[in-house]
Structures are given as C-alpha cells and as structure tokens.
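The residues making up each chain are set out below.
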Amino acid sequence: MSSAIRVRARAGWSLALITAALAGCASEEPSAPKGLEAEVGEELSGGATTIFDTSPSAFSYSARNMTSARRSDFFVGNSFFRDNWVIAPASTKGRDGLGPLHNARSCSSCHFKDGRGRPPESIEEPMVEMLIRLSVPGVDGVGGPAPEPIYGGQLQPNGIPGVPGEGRPQVTYEEVPGTYEDGEAYSLRRPTYTIEELNYGPFASDVMLSPRVAPGMVGLGLLEAIPEETLLALADPDDEDGDGISGRPNHVWDAHERTQVIGRFGWKASLPTVEQQTAAAFLHDMGITTELHPDQNCTDAQAECLAAYDDGEPEASAKILSRTTFYSATLAVPGRRNWEDQTILRGKALFHDAGCASCHTPKLQTGVLEDFPELSEQTIRPFTDLLLHDMGEGLADDRPDFEADGREWRTPPLWGVGLIPVVNRHQFLLHDGRARGLAEAILWHGGEAERAREAFRGMPSEDREALLRFLESL
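Residues numbered from 1 in each chain as written. Predicted model: local features only at pLDDT ≥ 70, side-chain atom pairs only at ≥ 80, totals over all residues. Heavy atoms only, no water.

Asks: Describe the UniProt feature "domain: Cytochrome c" (unreviewed entry) in the protein chain, with residues and values.
Replies: Mapped onto the present numbering, the UniProt feature "domain: Cytochrome c" (unreviewed entry) falls at residues 342-474. As a span, residues 342-474 carries 32% helix and 11% strand, and end to end its C-alpha atoms are 15 Å apart. (UniProt positions renumbered as here; feature names shortened; annotations may be inferred. Helix = DSSP H or I, 4+ residues; strand = E, 2+ residues; numbered from the N terminus.)

Asks: I'd like a description of the state of the cysteines, backed by residues and values.
Replies: In total, this model carries 1 disulfide according to the counting rule given. A sulfur-sulfur distance of 2.0 Å marks the disulfide that ties C298 to C305. Measuring handedness by torsion sign, the sulfur bridge of C298 and C305 sits at about -65 degrees and is left-handed. C110 takes part in no disulfide bond, and the closest cysteine sulfur, belonging to C107, lies 8.3 Å away. On the accessibility criterion, C110 (9% relative accessible area) is buried. (Disulfide = S-S within 2.5 Å. Buried < 20%, exposed > 50% of the residue type's maximum accessible area, 1.4 Å probe, protein only.)

Asks: Explain the packing of helix 5 (residues 274-286) against helix 7 (residues 318-329) to me, using residue names and the numbers behind them.
Replies: Closest axis-to-axis distance for the helix 5/helix 7 pair is 9 Å, and the angle between their directions is 120 degrees. Helix-helix and strand crossings are classified by hand; for helix 5 and helix 7 the assignment is right-handed. Along its contact with helix 5, which presents V274, E275, T278, A279 and F282, the element helix 7 presents I320, L321, T324, T325, S328 and A329. (Axes fitted to C-alpha atoms, helices over the stretch in contact; angles between N-to-C directions. Left-handed = near helix turned anticlockwise from the far one by under 90°. Contact = heavy atoms within 4.5 Å.)

Asks: How would you summarise the environment of D300 if you had to cite specific residues and measurements?
Replies: Along the polypeptide, D300 turns up in the loop between helix 5 and helix 6 (303-306). Separated by 151 residues in sequence, D300 and P149 place their C-alpha atoms 8.6 Å apart.

Asks: For unusual backbone geometry, give the residues involved together with the corresponding values.
Replies: Residue P89 is reached from A88 by a cis peptide bond, and omega for that bond is -5 degrees. With respect to the helices, strands and loops of the structure, P89 is situated in the loop between helix 1 (68-82) and strand 1 (101-102). With an omega of 15 degrees, the peptide bond running from G99 to P100 counts as cis. Backbone geometry places D114, a non-glycine residue, at a positive phi of 65 degrees.

Asks: Explain the confidence of the model for the protein chain to me, and be specific about the residues and the numbers.
Replies: Per-residue pLDDT for the protein chain has a mean of 93; in total, 93% of the residues score no lower than 70. In this model, residues 1-30 is a region of pLDDT below 50 whose contacts with residues beyond four sequence positions or in other chains number 181 contacts. (pLDDT = per-residue confidence, 0-100.)

Spelled out as structure tokens, the structure:
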C-alpha cells in the first residue's frame, strides 16, 4: 500500500462541524438550483464509490468500485480497526501494545460502526466516544499546539495496570432558550467541562481544553484526493468577494514531507493525510506506537508510564498501519435517499438561498490519487470546502491549532449525516456533540455563518422543515 494515502473548557462545533459549518467549489461554483429538479447523478454522493444501504451497517462498506482483488486488504484493515488491542507483552503478537495511557482499546470503540461518536449522556457515564485535547499558549517544534507540561496533548482517562489514568472528564449542560421569528420556541444546551481525579497533579494555570467527538469515517480517501489547487481556489481569506465568508486552509506539519502542507482531517484540519490521521489516533487514543510516532505518549512527569514495558519496536507495524489506513480511506459514502422528492428539492433550494453552500460546498471533483483508482477522478458531493471558518464565540474553544484560531473550525462534510440516527443511534452534532439534531446544529452557527443561521431562524416552519428534510437526505 502506498504512502500516497498518507492521507475547550468552553466548547463549541459545524453543521460546522456539521458543523463548523452552515454558513462553494472551485471546480464547480455553487449556485441555487434552477427549479425543483434533481441534478443528474445527484444521488451519487461518493461518485462510483457510493453504496445504497440504509441499514445500521450503512457506513461500513468498501468503495463499490473496488475490485475483488483489493477487498482482502480492506477486510484485513477492518480487523485492525475493529478488534481490541491488548497489553504487551502478549501471545497475540501484532495486536499487543495497548497504552500505557489510553482513551480506548480499539478504533471502533470511538467510531462505532464507522460512524460518529457522542458525548456521555449522564455525569456517571465514562467519556468514551469523545476526548479532550490539552495545550498551553505557544507552539511545539513543528508549529502545532504546545502540550500541557504534565499531561501532554490529550487527556487519557485510562492506564494499564500500575499506570494511573490521567483524570475523569465530565460534561454538564445549561439550557439556553431561544425563539424563531415566527414565535416558535427552541432551546440549545451549552456544555461545561470539568476534569475530576487528576492523578498527576493540577493542570498548568493557563491550560486550554478542547473537547471533540469522534468524527464519521466515510469518504476520507475521497477528501484526500481533492486537488490542493481546488481547495486554494475555494479560499477567500480576506473576503475579497465581500460575501462575508472568508475560508482559509490550515497549514500543518507533514511528517513525511517534513514541511507545512494543507491540513484536511480533524475538527480543525490539523492533519494532512488519512495515514497521518490514523497514526496519530493509534498513539494518542490507544497508546500504540508506529514508525511515524515511535515514542510512547508519556511526559517526563509520568514515571509509571515511562517505566512501563516497551520492546522498542513500533507496536503497530508498517503493514498494520498501511492496512488500517487503506480501510479508513476506502469506506464507501452512502447515497442519497428521496433526492427527487419535491419537498427535499425545495429544501435544497432553501439551503442555497440561505448561504449554507458557501462553506458546505456541494460538489467537487477528485484528482488522481496514486494507487487508489477507486478514489481518483470522481465527482463527489461531500458538502464541505475543508477550509477553516470563524464560527463565532458560541462555538469557540479558544485553543489555537496550527493556523486555526480559537473561533475557527473546518467545515465538516455532510454526506451521511441523515443516517447517523440509524447507524449510531443518536443525533448529537457539532464538534462536541452539544446539538441534539440538525436544527440545533444550525442555530449554534455564528461568526461567518451567522447570516445563514438567521436566514434559517427567520424561515416559516414549513421552510425550516423542508431544509431539514434535505439535510436528512444527505
């Protein structure tokens, strides 16, 4: 497998995250549809990779245009994504090395059925499908966030025997009432995060926290296959066109190229490729080393962690990283449902009229991605521009991440958003899962997306419903 697919506590989100996101396409500039007719091929969200399935397994299929000869790699990768890792040393060589500190035992613990995670539903429930990033003011050696001196860059609640977990994160909510212009009432919930049982002493006084749920997995390789020039053409950092939208790429460290490149993955686009996203998750979420991250995730203040067993070899071999990356890159995108329905087509027109498509770019074209013919030269409908946008104070985490400031989030893709309740049995949206459905996600939009939010808030109820039905069809 090629390395080509090297593919806060205040909190905040996007239909931006869906979010960072309501608020265009270089290959195809978005425009309001001319009448209530579906476009040719509109149902093929992932191009030829698209899967038509509405079962709880809808996010777990391989790209439909993948040859049978390549599916064995997909299934091997699935096993490394799905199965639990164990503590080393163990007889199950090749799947041992969990910890010493970790958030989860497997990728699928957070990405249930390859979908998105959720926040705990009670203060007693452990935080499993989301995590807390940590940093202090300043940058690290490659321009990323400076880690908290004692706890590092991510709170890891769990430890192997003899290694104390770092702390127990909790979230509580305050209801914030609001009203649509037609008088209908709504309520949003504002999260507050606390960390109990800090086992290595207090945080630095200037620590910054950023809570984030596990994002969905479908279509990642297609997003990597979008040419860089397309993303640069979508950017308008100084808002020269005066539309109030000023998206810009994040520039992040590429561990292979040893330089700054455009980031595409993560809630703040802080990783450049699927491979590097996968390797980072192995280390920070499960404590599994790879050739990209050969050192255990312990700070100098964590003696038990440093003294834990380590045979000096990457715990996930190059083959394991490659197969897991291949699996993550080639998960098929679910196709649209009822895309020709008149109410959904009207909702699409309202989506454009409200300005949502200015960030949630409907249609893009992938380029040629070496060794990934399935993902190359595909017309896709991800509803993202992969750019950073100011989402306002309400969603700010006040934690910089490379070039992303504390109010900026990457526009999240919307493909598959309508199937989250089926696959993941919840509809907690935005970067921290605070929104209890699509309407709340839109109503949290601020900053550059305030105009889109106000357009939605001012719609008659039947128009709001049509727009939501359109989103549910994605």
